[in-house]
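Close look at the chain arrangement
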Amino acid sequence: MASGNGYSGKILKVDLTTGKFETILTEKYKSWGGGHGIGSALFFDLCEDKTIKGTDPGNVVTIMASPLSGTLAPSVAGRCEVQGIGIQAYPIGWFTRSNFGGRFSTQLKFAGWDGIVLMGKSPKQVWLNIINGEVKLQDATDLWGLNTRETQEEIWASVEPSKKDNDWTNLGQSRDSGRTTQRPAVLTTGPNAERFGPMAALIHDAGNGAGQGGFGGVFASKNLKAVSVLGTGGVAIADPKALMAARLWSNSYSFAGHHDDPAEYVGLTSFGSTPGKPLAPMQDTPEGVKSRPQGCVGCIRSCRGRTDTGQGNESQCVDFFWYDAHDVKAHGKITDAAPRATDAIQLSGVNAFAVEAATLWLEQLYNKGILGKGKAIDSNLPFDKFGSGEWAEAFINCIITQTDIGKELCKGVAQAALAWGRLEIDTTSGILPLQEWGLPQHYDARTEVEWGYGSLMGERDINEHDFNWHVYWTPTIAGLFGVEPAVSAQRLAEIFAKKMIPYNDPMAINYSDEGIYSESMAKTVAWHRHYTRFYKQAMGFCDWGWADFVNPYGPEHEGMTSVGENKFINAVIGGNMTFAEGMEVGRRIWNLDRAIWILQGRHRDIEKFTEYNYTTGAQPGMTTYEAPYTMPVFENNEWSYKSVAGRILDRQKSEDWKTLFFKVEGWDVKSGWPTRETLEKLDLANVADALEKAGKLGASA
């Protein structure tokens, strides 16, 4: 039976060492919202030594749904948050997060749980089986070497041995509480993931992956192969009429409300996108392959696809991008090499961003005569077939079997570069695009600075497109098509300033050479950290649907953000939370995360980008995106769009920007550590006590 107001009311705590289960009441943690907020609070309370490595049995891993999971809230209900000490970053495996979509969080809620806490290490290989309130640890010896698809199929057969497609499965005694048409939702590692842990992801269904952090390796270090959950309950809504009204209201901002007269809009949008788009360029399959849109539970975007060949199903974006350009370069068009490469990483449970950066780098080393048969880095991989499906599959196989160059790459990209004596030289030249913390460059810190600063002040590539689609992609794409952006730079600045409560800074998106080092940009990065921590990672608003700043169907292109999010939250959980109050919860979560990183060793002195960001402008083929990088700038007292490609960061000005950022956050500007005053205002006196005990509490100004 469902509990109330979006919450199931309890969290499952699993001690893998003893095999015992406990229930944690969600009520104690509700002030954190859900998802990431509750996950961080649970980690802080339950992880006794936060300086341990991610593979230590003392590591605490949380898998959290949100109160909106499993509801009608659009492009929200399907997200699930994973947290714990990661093993991908270098040189320190920070407390970190990852996130995946699909139907896992919905099944978790339907089973009566708001989340799962994994503690300890099982003495034998196991998988966790959750069916409503019944929880078991089951032997995984026969699953351990299986790929992600095989593992899920074996678990499905184990949980529902007599189930037929499109048929009911009876799990209980009554019609409403005991049967479902759903397969169990399974979150699993690839084969023997402990051997390539820093590269290992968690996969759910065909293409939902928690890639960053190396959580596949963390699972394996705990002797845990997979978590399966199947539920037959529901999610109670505080005000169902308000939820339905909000959904219908949001329809006017979506393609569904305008399907007979869709907007002509050049560029990328979030909530207002056409379902299945930008599917076409995001799902690279050979010409003639048919595909239909596919989405997570409750999503109106349906940004992925299911193909008639079965190749690349439910994958998109970097799942294909890690190899599609190499396919085109070799063959002049997309062949089956790109989807073969995509399926190789999904079946093996390998992080797409990690192999994308590695592949760009290895190609450079091969072309320079450094890598290859009998070369300084000896490899028998068929580089003469680079761009083929054969090469991609051989490359992924060498990582998961620790053969050839996979003997070092299985330890992580930065770690392999260190072993080969290439880390410093190649991150200085930029041919190894690791932007911060040993993690692959996604968007360029030298140009789209809110992305780079956010990643540097945090612990991972932020992978949050709230600004990205509007300040970078849309003006850039418009320029490539030779048309004016639908929204002028001045109008764009007005929209962002209006919605970025509480700062409302008119210079928030000034990406000029001076603007990127300004106090306004410090507020922009702080706003982004607080917004995403609460609205996206705690409440589950999907990165591809939200934030909705610019919308082709909104009044004067103004989207729903700062109004829409709380319509859905308040309808589901009750009350009347304002957008500003949600932002404050996000600031509280962000400060708690910061405190954990401080305990792990964070100090402003180590918060620096890798060398190439200060010395080398972006060069085609060396990093992930080398489009013109057209951004909004305020120069000579007027707004305009301008290409800032090739820009490098000024080292001293970047340090000065950090000081401005720490002032905005209320942290010690000399260390970057939170102060007692700031933490106590956020009701985090216990966190201040922990920092003071460790000798790492920031000094007040």
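Throughout, a residue's number is its position along its own chain's written sequence, starting from 1. At least 70 in pLDDT is required for a residue's local features to be given in this predicted model, at least 80 for side-chain atom pairs to be given and counted, and no such filter applies to totals for whole chains, interfaces and linings, which use all residues. With hydrogens and water stripped out, all remaining heavy atoms of the structure feed into the side-chain values.

We now examine the overall build of the protein. The helix and strand labels rest on DSSP assignments: H or I over at least four residues marks a helix, E over at least two residues marks a strand, and numbering proceeds from the N terminus. Of the regular secondary structure elements, the protein holds 23 helices and 22 strands. Based on C-alpha atoms, the radius of gyration is set beside the globule rule, defined as 2.2 Å times the residue count to the power 0.38. Against the globule reference of 27 Å for 701 residues, the protein gives a C-alpha radius of gyration of 24 Å, in line with a compact fold. When the backbone C-alpha atoms are referred to their principal axes, the protein occupies close to 70 × 65 × 65 Å. Counting every position in the protein, which comprises 701 residues, the buried fraction comes to 62%. Relative accessibility decides the category of a residue: with a 1.4 Å probe and only protein chains considered, values under 20% of the type maximum give buried, values over 50% give exposed, and everything between is partly exposed.

Buried Ala, Val, Leu, Ile, Met, Phe, Trp, Tyr and Cys residues form a nonpolar core when they are joined through side-chain atoms within 4.5 Å. In this structure, Leu68, Val471, Ile509, Tyr511, Phe541 and Phe661 are the most contacted members of the largest nonpolar core, which totals 111 residues. Counting residues per element, this core draws most heavily on helix 19 (residues 579-600), at 11 residues. In this analysis, two residues are considered to be in contact whenever any of their non-hydrogen atoms come within 4.5 Å of each other. Once residues within four sequence positions are removed from consideration, Phe541 is found in contact with Leu68, Ser75, Val76, Tyr535, Lys536, Trp546, Glu565, Phe568 and Ile569. Counting 55 residues, the second largest nonpolar core, distinct from the first, contains Val186, Phe196, Trp322 and Leu362.

The next thing to look at is the pattern of salt bridges. Whenever a carboxyl oxygen of Asp or Glu lies within 4 Å of a side-chain nitrogen of Lys or Arg, that contact is scored as a salt bridge. By the definition in use, this model includes 38 salt bridges. A salt bridge links Asp444 to Arg446, with the shortest nitrogen-to-oxygen separation between them at 2.8 Å. On the basis of relative accessibility, which here comes to 1%, the residue Asp444 falls in the buried class. We classify Arg446 as buried; its relative accessible area is 1%. For Arg491, the salt bridge is made with Glu494, and the minimal N-O distance between the two is 3.6 Å. You can see Arg491 and its partner Glu494 sitting in helix 16 (residues 489-499), three residues apart, about one turn around the helix. Arg491 sits in the buried class, given a relative accessible area of 19%. In the salt-bridge network here, residues are joined through shared partners; they are Arg491, Glu494, Lys498, Lys499 and Glu558.

Looking now at the layout of surface pockets. Using a grid of 1 Å spacing that covers the protein atoms alone, one calls a set of points a cavity when a 1.4 Å probe fits there but cannot get out, and a pocket when the set is open and has protein on both sides within 12 Å along at least five of seven lines; lining residues are those with an atom within 4 Å of a point. Grid points are joined across faces, edges and corners, and a volume is the space filled by probe spheres set on the points. Volume-wise, the second largest pocket comes out at about 780 Å³. Trp156, Asp205, Ala206, Arg306 and Glu314 are, among the 32 residues lining the second largest pocket, the residues nearest its centre. Mapped by element, the contributors of at least two residues to the lining of the second largest pocket are helix 2 (104-110), helix 3 (148-159), strand 16 (304-307) and helix 8 (337-348). Here the residues of the lining of the second largest pocket sort into five nonpolar, 16 polar and 11 charged. Only Asp, Glu, Lys and Arg are considered charged in this grouping, and only Ala, Val, Leu, Ile, Met, Phe, Trp, Tyr, Cys and Pro are considered nonpolar; every other residue, Gly among them, is considered polar.

Before going further, it helps to spend a moment on the side chain of Thr476. Here Thr476 shows up in helix 15 (residues 468-481). Residue contacts for Thr476: discarding those within four places in its chain leaves Ala627, Pro628, Tyr629 and Thr630.

For helix 10 (residues 389-401), spanning 13 residues, the distance from its first C-alpha to its last is 18 Å, which sits close to the expected 18 Å at 1.5 Å a residue. Along helix 10, the residues that are buried comprise Gly389, Trp391, Ala392, Phe395, Ile396, Cys398, Ile399 and Ile400. Looking one or two residues beyond helix 10, the residue adopting positive phi is Gln402, at roughly 55 degrees. The span one expects for a helix is its residue count, reduced by one, times 1.5 Å.

Under this scheme, a helix contributes an axis fitted over its contacting stretch, all axes are lines through C-alpha atoms, and angles between N-to-C directions fall in the 0 to 180 degree range. As a packed pair, helix 19 and helix 23 (residues 685-693) sit with axes 10 Å apart at the nearest point and diverge in direction by 15 degrees. In terms of axis orientation, helix 19 runs roughly parallel to helix 23. The handedness of the crossing between helix 19 and helix 23 is left-handed. Contact residues: Leu592, Ala595, Ile598 and Leu599 in helix 19; Val687, Ala690 and Leu691 in helix 23. Small angles under 35 degrees read as roughly parallel and large ones over 145 as roughly antiparallel, with 65 to 115 read as roughly perpendicular and the rest as oblique. Note: crossing handedness is left-handed where the near helix turns anticlockwise from the far helix by less than a right angle, and right-handed where it turns clockwise.

Here we take up the sheet that holds strand 6 (residues 115-119). Here we have six strands laid out as an open sheet, ordered 2-1-6-3-4-5, and mixed in their pairing. Of all strands in the sheet, those bounded by a partner on one side alone are strand 2 (20-25) and strand 5 (95-100). Averaged over all neighbouring strand pairs, the angle between strand axes comes to 20 degrees, with direction disregarded. Relative to the sheet, helix 1 (residues 35-46) contacts strand 1 (10-15), strand 2, strand 3 (61-64), strand 4 (80-85), strand 5 and strand 6, its axis offset from that of strand 4 by approximately 25 degrees. By this definition, two strands are paired if DSSP reports at least two bridges between them.

Spatially, 8-7-14-11-12-13 is the arrangement adopted by the six strands of the open sheet, whose pairing is mixed. At either margin of the open sheet sits one strand with a lone partner, and together these are strand 8 (134-139) and strand 13 (208-210). Strand-to-strand, the axes of this sheet are offset by a mean angle of 20 degrees, without reference to chain direction. Here strand 7 (residues 126-131) runs beside strand 14 (residues 224-230); their pairing, made up of five bridges, is parallel. Each residue of the ladder has a partner; that of Leu128, found in strand 14, is Val227.

This paragraph deals with the pairing of strand 3. The side-chain alternation of strand 3 yields two buried faces, one formed by Val61 and Ile63 and the other by Thr62 and Met64. With three bridges connecting them, strand 3 and strand 4 associate as antiparallel partners. Note on strand 4: the bridge partner recorded for Thr62 is Gln83.

Attention shifts here to helix 5 (residues 240-251). For helix 5, with 12 residues, the first-to-last C-alpha span of 17 Å sits near the 16 Å given by 1.5 Å per residue. By the burial criterion, the buried members of helix 5 are Leu243, Ala246 and Ser250. Taken down its axis, helix 5 places every buried residue within 60 degrees of arc, on the same side. Exposed and facing more than 90 degrees away from the buried side of helix 5 are Pro240, Lys241 and Leu248. Contact partners of the buried residues in helix 5: helix 18 (564-573). Comment: arc refers to directions from the helix axis out to C-beta atoms.

Patch members must show over 30% relative accessible area and no salt bridge, and they are joined within 9 Å when carrying like charges or within 5 Å when they are nonpolar side chains of Val, Leu, Ile, Met, Phe, Trp or Tyr. In short, Shrake-Rupley with a 1.4 Å probe defines the accessible areas, and a residue's cover is counted only from the protein chains shown. Together, Val266, Leu480, Phe481 and Val483 make up an exposed nonpolar region whose accessible area comes to about 380 Å². Among the structural elements, Val266 can be located in the loop between helix 5 and helix 6 (279-282).

Once that is clear, we can look at the environment of Leu248. Position of Leu248 among the secondary structure elements: in helix 5. Leu248 sits in the exposed class, given a relative accessible area of 57%.

On their own, these measurements won't tell you what the molecule is for.
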